[in-house]
Amino acid sequence: LVDTNRLDSVDLIDQPKLNFLLGSATQAAQRVRIVGCPNLTGHLILGRDLDSLELRDVASLETLSINGPVPANTVLEGLRNLEVAELAGENIREEHFDALLQCKAMRELTLAIPNLPAATLRKIGQFKALTVLNVPGAQIDDDVV
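Now for a description of the structure that goes with this document. (Residues numbered from 1 in each chain as written. Predicted model: local features only at pLDDT ≥ 70, side-chain atom pairs only at ≥ 80, totals over all residues. Heavy atoms only, no water.)

1. Some words on helix α1 (residues 94–101)
Move 1: Every buried residue of α1 is accounted for by H96, F97, A99, L100 and L101.
Move 2: In the core, the buried residues of α1 are packed alongside β7 (75–77), β8 (84–88), β9 (108–112) and α2 (118–121). (Buried < 20%, exposed > 50% of the residue type's maximum accessible area, 1.4 Å probe, protein only. Helix = DSSP H or I, 4+ residues; strand = E, 2+ residues; numbered from the N terminus. Contact = heavy atoms within 4.5 Å.)

Structure (structure tokens):
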């Protein structure tokens, strides 16, 4: 058993048999890298101290929540089963949004103060399962609505 709330770094690389992330609140983590863990389910909740995030081929992860700004060097790929995403800050890029669009089960999406063009935000309609949308601070025009 690990108290993940006290971890300052998380590295899970090529663990295809790992199927559950226990104690996923990692508020103290500064660096999180999860790559090649397609069966990893659960909720990944990260704090304000995060300065590096790489998630690749984590197809079964259900929730990604960052309680602070998205780090500038963030990589999001292969999050196909994500149902809840809470991201904030000017570092949210179009490639992050495109990665989220691959999540067909997305129910709740928060993009706080994103630096995304209106053309990108217009794609929100592609989330067919979306029931909750929060976009505070976004540049939303009538076409997006």
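2. Structural notes on the environment of D14
Move 1: Assignment of secondary structure puts D14 in the loop between β1 (9–13) and β2 (25–26).
Move 2: Along the chain, D14 and F127 lie 113 residues apart, while their C-alpha atoms are 29 Å from each other.

3. Here's the deal with the pattern of salt bridges
Move 1: All told, the structure shown has eight salt bridges when counted by the stated rule.
Move 2: Taking the shortest distance from any N to any O, the salt bridge between E95 and R93 comes out at 2.5 Å.
Move 3: For E95, a relative accessible area of 45% corresponds to the partly exposed category.
Move 4: Judged by its relative accessible area of 28%, R93 is partly exposed. (Salt bridge = Lys/Arg side-chain N within 4 Å of Asp/Glu carboxyl O.)

4. Observations concerning the environment of G78
Move 1: Here G78 lies in the loop between β7 and β8.
Move 2: On the accessibility criterion, G78 (24% relative accessible area) is partly exposed.
Move 3: For the pair formed by G78 and C37, sequence separation is 41 residues and the distance between their alpha carbons is 10.0 Å.
Move 4: Once you skip the residues sitting within four places of it in the chain, G78 turns out to touch D57, V58 and A59.

5. Considerations on unusual backbone geometry
Move 1: Positive phi is not limited to glycine here, since D14 has a value of about 50°.
Move 2: By relative accessible area, D14 is classed as exposed at 53%.

Such coordinate-based values are descriptive only and should not be taken to indicate function.
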